Amino acid sequence: MVKVIASTLRKGNVVDIDDKLYVVLTAENIHPGKGTPVTQLDMRRISDGVKISERYRTTEQVERAFVEDRPHTFLYEDSDGYTFMNPENYDQVTVPKDVMGDQSVYLQEGMECMLSTHNGVPIAIELPARVVLEIVDTEPTVKGQTASSSYKPAVLSNGVRTMVPPHIAAGTRVVVMTADASYVERAKD
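Identification of the protein as Elongation factor P from Xanthobacter flavus is taken from an unreviewed UniProt entry. As stated in UniProt under Function (unreviewed entry), the record for the protein gives "Involved in peptide bond synthesis. Stimulates efficient translation and peptide-bond synthesis on native or reconstituted 70S ribosomes in vitro. Probably functions indirectly by altering the affinity of the ribosome for aminoacyl-tRNA, thus increasing their reactivity as acceptors for peptidyl transferase." A UniProt comment under Subcellular location (unreviewed entry) is attached to the protein, and it reads "Cytoplasm".

Draft legend 1. Summary view of the overall build of the protein. Secondary structure summary: the protein contains 1 helix and 16 strands in total. On C-alpha atoms alone, the protein measures out to a radius of gyration of 22 Å, which is more than a quarter above the 16 Å that the 2.2 N^0.38 rule sets for 189 residues. Taken over 189 residues, the protein has a buried fraction of 37%. When contacts within the protein are restricted to residue pairs at least 6 apart in sequence, long-range pairs at least 24 apart make up 41% of them. Put simply, the protein shows about 11400 Å² of open surface, and 49% of that area lies on carbon and sulfur atoms. One way to put it: in the protein the 20 positive side-chain charges average out to a point 8 Å from where the 27 negative ones average out.

Draft legend 2. Expanded view of the UniProt feature "domain: Translation elongation factor P/YeiP central" (unreviewed entry) in the protein. With numbering aligned to this structure, UniProt lists the feature "domain: Translation elongation factor P/YeiP central" (unreviewed entry) at residues 69–123. The span residues 69–123 shows a helical share of 7% and a strand share of 53%, and its end C-alpha atoms are spaced 10 Å apart.

Draft legend 3. How the structure looks around unusual backbone geometry. The phi torsion at Asp-18 lies on the positive side, around 55°, for a residue other than glycine. Its location among the elements puts Asp-18 in the loop between strand 2 (14–17) and strand 3 (20–30). The class for Asp-18 is exposed, based on a relative accessible area of 70%. The phi angle at Tyr-90 is positive, at roughly 60°, despite the residue not being glycine. Along the chain, the position of Tyr-90 falls in the loop between strand 8 (81–85) and strand 9 (92–95). On the basis of relative accessibility, which here comes to 60%, the residue Tyr-90 falls in the exposed class.

Draft legend 4. Quick look at the environment of Thr-117. Examined against the element boundaries, Thr-117 turns out to sit in strand 10 (residues 112–118). As for Thr-117 and Ile-168, which are separated by 51 residues in sequence, their C-alpha atoms are 40 Å apart. Dropping the residues within four chain positions of it, Thr-117 is found in contact with Phe-66, Val-67, Glu-68, Pro-122 and Ile-123.

Draft legend 5. Highlighting the pattern of salt bridges. The full count for this structure, using the stated rule, is 5 salt bridges. Taking the shortest distance from any N to any O, the salt bridge between Glu-77 and Lys-97 comes out at 3.2 Å. Here Lys-97 lies in helix 1 (residues 97–100) and Glu-77 lies in strand 7 (residues 68–78), a separation of 20 residues in the sequence.

Draft legend 6. Quick peek at the packing of aromatic side chains. Scanning the model with the defined rule gives 2 aromatic pairs in all. Taken together, the ring pairs in this structure connect Phe-74, Tyr-82 and Phe-84 into an aromatic cluster. In this arrangement the basic side chain of Lys-97 is found over the ring face of Tyr-82, its NZ or CZ atom lying 4.8 Å from the centre.

The rules we used
Residues numbered from 1 in each chain as written. Predicted model: local features only at pLDDT ≥ 70, side-chain atom pairs only at ≥ 80, totals over all residues. Heavy atoms only, no water. UniProt positions renumbered as here; feature names shortened; annotations may be inferred. Helix = DSSP H or I, 4+ residues; strand = E, 2+ residues; numbered from the N terminus. Rg over C-alpha atoms; globule rule 2.2 N^0.38 Å. Buried < 20%, exposed > 50% of the residue type's maximum accessible area, 1.4 Å probe, protein only. Contact = heavy atoms within 4.5 Å. Areas by Shrake-Rupley, 256 points an atom, 1.4 Å probe, with all protein chains shown as cover. Lys, Arg positive; Asp, Glu negative; His and termini not counted. Charge placed at Lys NZ, Arg CZ, Asp CG, Glu CD. Salt bridge = Lys/Arg side-chain N within 4 Å of Asp/Glu carboxyl O. Phe/Tyr/Trp six-rings, centres within 6.5 Å; stacked < 30°, edge-to-face > 60°. Lys NZ or Arg CZ within 6 Å of the ring centre and 35° of its normal.

So, in structure tokens, the structure goes:
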């Protein structure tokens, strides 16, 4: 662990408070006209997602956790969780289901993800922004429905529901955003 002055913390830094890891959401240095300057930190506990707000004098020391971000390739899912491989040294890491969260529906074999680890323990994972999936089921196109903003519901190959333009039929491969399952475009392949 490295002790740093509270005023040097920025958004995205990971700190260790009472043996629990927190990610900094916002960091603001406040300099009142009278009195000591303070640093206001809004943080989220990595283990359970609880948000907290702390104030430190700008000269106070805070323990900054060392977090390693490395690209990993998704291999498979089993009862223990999701197994990823480091492409550099072929080490395999199992990410628990609670760390993965609801974004696990977008995982595809061989997908490159950014895995954050602390002391070898996975604490967060970032999927690619876009993923290509196939439309399994959608309503047939209705003739005369040419309004530019008319979208129809569709079910993707991973079971997620989304809205697609009228010209998209079942069996079409589309690009969707992993953040909110929104349709981007028809796949180029």
